[in-house]
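Read off the chains here:
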Amino acid sequence: MNSFTMVEFPTSSAVQSAQFLQAVFGWDATEYGPEYVDVDCGSGVSLGFQQDRSEAPAAPLAVIQVDDLDATHQAVTEAGGTVTVEAFDFPGGRRFHFREPGGNELAAWVPASQG
């Protein structure tokens, strides 16, 4: 499958970021606690706003849905990428972060139903 599904942003206020996008574009938001909000852009791509500084990416983080997280982890390292955050569970699935050789950080994930 390997499809781009989300961009996660650091924010000083997850709720205010989501409310702004709702006011401007009419996009719906789902709060996952007080410091994380997911905004559905209506195109199959969502925007995540992470307020928790200990978990927020330093820059916007592109997130790619994959069929097999372990196989993708192996492919990343074999292709010269560096895993920056090992696989972890989150509401909705499991993911890990990696840096490609040019220096950009990305994430790969699988939905909870794929384990």
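It should be noted that the structure appears before, not after, this text.
Owing to the predicted nature of the structure, the values given are computational and were not obtained by experimental measurement.

A. Spotlight on the pattern of salt bridges. Evaluated as defined, the whole model comprises 3 salt bridges. The salt bridge partner of glutamate 8 is arginine 95, with a shortest N-O separation of 3.0 Å. Highlighted residues: glutamate 8 in strand β1 (residues 3–10) and arginine 95 in strand β7 (residues 93–99), separated in sequence by 87 residues. A single burial state applies to glutamate 8 and to arginine 95, both of which are buried. For the salt bridge of arginine 99 with glutamate 105, the shortest nitrogen-to-oxygen distance reads 3.9 Å.

B. Structural context of a nonpolar patch on the surface. On the surface, Phe20, Val24 and Phe25 cluster together into a nonpolar patch covering about 320 Å² of accessible area. Overall, the relative accessible area of 47% leaves valine 24 in the partly exposed class.

Rules and cut-offs
- Residues numbered from 1 in each chain as written.
- Predicted model: local features only at pLDDT ≥ 70, side-chain atom pairs only at ≥ 80, totals over all residues.
- Heavy atoms only, no water.
- Salt bridge = Lys/Arg side-chain N within 4 Å of Asp/Glu carboxyl O.
- Helix = DSSP H or I, 4+ residues; strand = E, 2+ residues; numbered from the N terminus.
- Buried < 20%, exposed > 50% of the residue type's maximum accessible area, 1.4 Å probe, protein only.
- Patch = residues over 30% accessible without salt bridge, like charges linked within 9 Å, V, L, I, M, F, W, Y side chains within 5 Å.
- Areas by Shrake-Rupley, 256 points an atom, 1.4 Å probe, with all protein chains shown as cover.

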